[in-house]
Amino acid sequence: MRLYWEVARTTARRLATYRGATLAGVVTNTAFGFILSYVLLAVFRQRPEIDGFDAVDAVTFTFVVQGLLMPIGVFGTDLEQAERIRTGEVALDLCRPYDYQGWWAAVAYGRALYYVWARGVPPFVAAALVLDVRLPPHAWTWAAFLASVALAVGVAFGFGFLLQLTAFWIFEVRGPNQLGWITAQFLSGVFVPLFLFPDGVEAVVRALPFAPMMQYPAEVFLGRYAGWELAGVYARQVAWLVALAVAGRLVLARAVRRVVVQGG
């Protein structure tokens with residue numbers, strides 16, 4: 001476990017050196033947060049309450065989601081794993097004395113450790129200075145929220161790990177990667193909160209692995225769940241985390257039966 005902790009720590013430290021990129025990302029998330037918030041405010045001007053959410057909930061939800069985009073990693077912009085497969089460097093990775101999937105999971109959690117405060121907090125603070133937002137109603141809700149975020153990082157990693165493993169079979173993975181993550185963003189509540197979906201569609205979408213990435217953590221932040229309902233949210237996140245992790249190991253085992261490195 002010491003190895004994976006050091007991988008996570010050094011990943012966070014490496015990302016901290018890119019201050020300009022972090023600042024640009026904060027500005028982008030904040031700008032999109034305000035754009036989406038004003039769209040939702042126009043919706044709630046016509047209907048003051050939708051599925052138990054009011055306008056303040058909608059604004060809060062939007063900026064929580066904007067703050068979680070990079071910590072959870074639903075942009076899918078990091079293709080380092082796929083690039084190492086494409087160039088053949090994965091052959092060296094597989095020979096090293098560590099768990100391949102565990103290594104990349106540690107990288108994902110290290111990225112989350114840095115982005116959760118560097119990219120997650122500033123947009124929400126900016127929103128609080130301009131619009132009405134709602135903080136968690138209880139002290140324990142903060143801990144519940146962080147636990148849900150930690151599980152969401154694992155679910156998103158499992159999904160992204162599978163997408164990048166396609167590099168074992170196809171030369172260019174940017175197409176499948178973009179299609180996969182655009183689908184994940186739309187169905188996880190990034191663009192449109194799931195409570196705005198038609199009831200029948202919402203029930204189906206919430207059963208998929210995407211709601212555990214963004215929708216559920218944001219709803220936990222708003223204090224929507226407590227007791228057994230909160231346990232049910234965690235259970236769904238854990239179930240998808242385990243399912244995707246197992247699927248990743250099975251696909252990886254199939255992929256490495258025969259590794260062909262470019263050039264011979």
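Refer to the structure printed above.
Please read these numbers as outputs of a predicted model, since none were measured by experiment. (Residues numbered from 1 in each chain as written. Predicted model: local features only at pLDDT ≥ 70, side-chain atom pairs only at ≥ 80, totals over all residues. Heavy atoms only, no water.)

Participant: I keep staring at the overall build of the chain and nothing clicks. Help me out?
Facilitator: If you tally the helices and strands in the chain, you get twelve helices and zero strands. When the helices and strands of the chain are placed in sequence order, the string is α-α-α-α-α-α-α-α-α-α-α-α. Its C-alpha radius of gyration of 19 Å places the chain within 12% of the 18 Å reference for a compact globule of 264 residues. By its C-alpha atoms, the chain is 65 × 40 × 35 Å across when sized along the principal axes. Within the chain, the fraction of its 264 residues that count as buried is 47%. Considering only contacts in the chain between residues 6 or more positions apart, those separated by 24 or more positions represent 78%. As displayed, the chain offers around 13,200 Å² of accessible surface, 67% of which is attributable to carbon and sulfur atoms. Once the 21 positive and 17 negative side-chain charges of the chain are each reduced to a mean point, those two points are 9 Å apart. (Helix = DSSP H or I, 4+ residues; strand = E, 2+ residues; numbered from the N terminus. Rg over C-alpha atoms; globule rule 2.2 N^0.38 Å. Buried < 20%, exposed > 50% of the residue type's maximum accessible area, 1.4 Å probe, protein only. Contact = heavy atoms within 4.5 Å. Areas by Shrake-Rupley, 256 points an atom, 1.4 Å probe, with all protein chains shown as cover. Lys, Arg positive; Asp, Glu negative; His and termini not counted. Charge placed at Lys NZ, Arg CZ, Asp CG, Glu CD.)

Participant: What is the right way to look at the nonpolar core in this model?
Facilitator: Inside soluble globular proteins, nonpolar side chains tend to come together where they are buried. Among the nonpolar cores identified, the biggest contains 49 residues, and Ile72, Val74, Phe159, Trp181, Met213 and Met214 are the most heavily contacted of them. When residues of this core are traced back to their parent elements, those giving at least two are α2 (19-46), α3 (55-72), α7 (121-130), α8 (139-165), α9 (174-187), α11 (215-221) and α12 (227-255). Apart from residues lying up to four places away in sequence, Met213 is in contact with Ile72, Val74, Ala152, Val155, Ala156, Phe159, Trp181 and Ala184. The next biggest cluster of nonpolar side chains, apart from the first, holds 18 residues, and it includes Val90, Ala106, Ala108 and Phe161. (Core = buried A, V, L, I, M, F, W, Y, C linked by side-chain atoms within 4.5 Å.)

Participant: So what exactly am I meant to see when it comes to α12 here?
Facilitator: Three or four residues apart is the spacing at which side chains of an α-helix point the same way, because the helix has 3.6 residues per turn. The first and last C-alpha atoms of α12 sit 42 Å apart over 29 residues, in line with the 42 Å expected at 1.5 Å per residue. Here α12 has its buried residues at Leu230, Val233, Gln237, Leu244, Gly248, Leu252 and Ala255. (Expected span 1.5 Å × (residues − 1).)

Participant: So what exactly am I meant to see when it comes to the packing of α2 against α7 here?
Facilitator: The packing of two helices is summarised by the inter-axis angle and the distance between the axes. Interaxial distance between α2 and α7 falls to 9 Å at its minimum, and their mutual angle equals 45°. In terms of orientation, α2 lies oblique with respect to α7. As for how α2 packs across α7, the hand of that crossing is right-handed. Packed against α2, whose contacting residues are Val26, Asn29, Thr30, Phe34 and Tyr38, the element α7 presents Pro122, Pro123, Ala126, Ala127 and Val130 at the interface. Across the contact of α2 with α7, the residue classes tally to eight nonpolar, two polar and no charged. (Axes fitted to C-alpha atoms, helices over the stretch in contact; angles between N-to-C directions. Parallel < 35°, antiparallel > 145°, perpendicular 65-115°, else oblique. Left-handed = near helix turned anticlockwise from the far one by under 90°. Nonpolar A, V, L, I, M, F, W, Y, C, P; charged D, E, K, R; others polar.)

Participant: Which parts of the structure should I look at to understand the packing of α8 against α9?
Facilitator: The interhelical angle for the contact between α8 and α9, taken along N-to-C directions, is 155°, at an axis separation of 10 Å. In terms of axis orientation, α8 runs roughly antiparallel to α9. The two elements α8 and α9 meet at a crossing, and its hand is right-handed. Packed against α8, whose contacting residues are Ala156, Phe159, Gly160 and Leu163, the element α9 presents Pro176, Asn177, Gly180, Trp181 and Ala184 at the interface. Looking at the contact of α8 with α9, its residues break down into six nonpolar, three polar and no charged.

Participant: How should unusual backbone geometry be read in this particular structure?
Facilitator: With the exception of glycine, the majority of residues adopt a negative phi angle, and the majority of peptide bonds are in the trans configuration. A positive phi angle, near 55°, is found at Asp51, a position not held by glycine. Its place among the elements puts Asp51 in the loop between α2 and α3.

Participant: Any chance you could explain α8 here in plain terms?
Facilitator: The end-to-end C-alpha separation of α8 is 40 Å, in line with the 39 Å expected for 27 residues at 1.5 Å each. Counted residue by residue, α8 has 19 buried out of 27 residues, so it is predominantly covered.

Participant: Sorry, what's going on with the packing of aromatic side chains here?
Facilitator: Here a ring pair, both rings aromatic, is described through the centre-centre distance and the interplanar angle of the planes. Applying the stated criterion across every chain, the model contains 18 aromatic pairs. Look at Phe44 and Phe195: their rings are 6.5 Å apart centre to centre, the planes differ by 65°, and that puts the pair in the edge-to-face class. Of this pair, Phe44 sits in helix α2 while Phe195 sits in the loop between α9 and α10 (199-206), and the two are 151 residues apart along the sequence. The exposure classification of Phe44 matches that of Phe195, with both residues buried. Here Phe159 and Trp181 contribute two aromatic rings whose centre-to-centre distance is 5.1 Å and whose plane-to-plane angle is 85°, an arrangement assigned as edge-to-face. Of this pair, Phe159 sits in helix α8 while Trp181 sits in helix α9, placing them 22 residues apart in sequence. Trp181 carries the same exposure label as Phe159, and that label is buried. Taken together, the ring pairs in this structure connect Phe44, Phe53, Phe61 and Phe195 into an aromatic cluster. Above the face of the Phe53 ring, Arg224 is positioned so that its terminal group lies 3.9 Å from the ring centre. (Phe/Tyr/Trp six-rings, centres within 6.5 Å; stacked < 30°, edge-to-face > 60°. Lys NZ or Arg CZ within 6 Å of the ring centre and 35° of its normal.)

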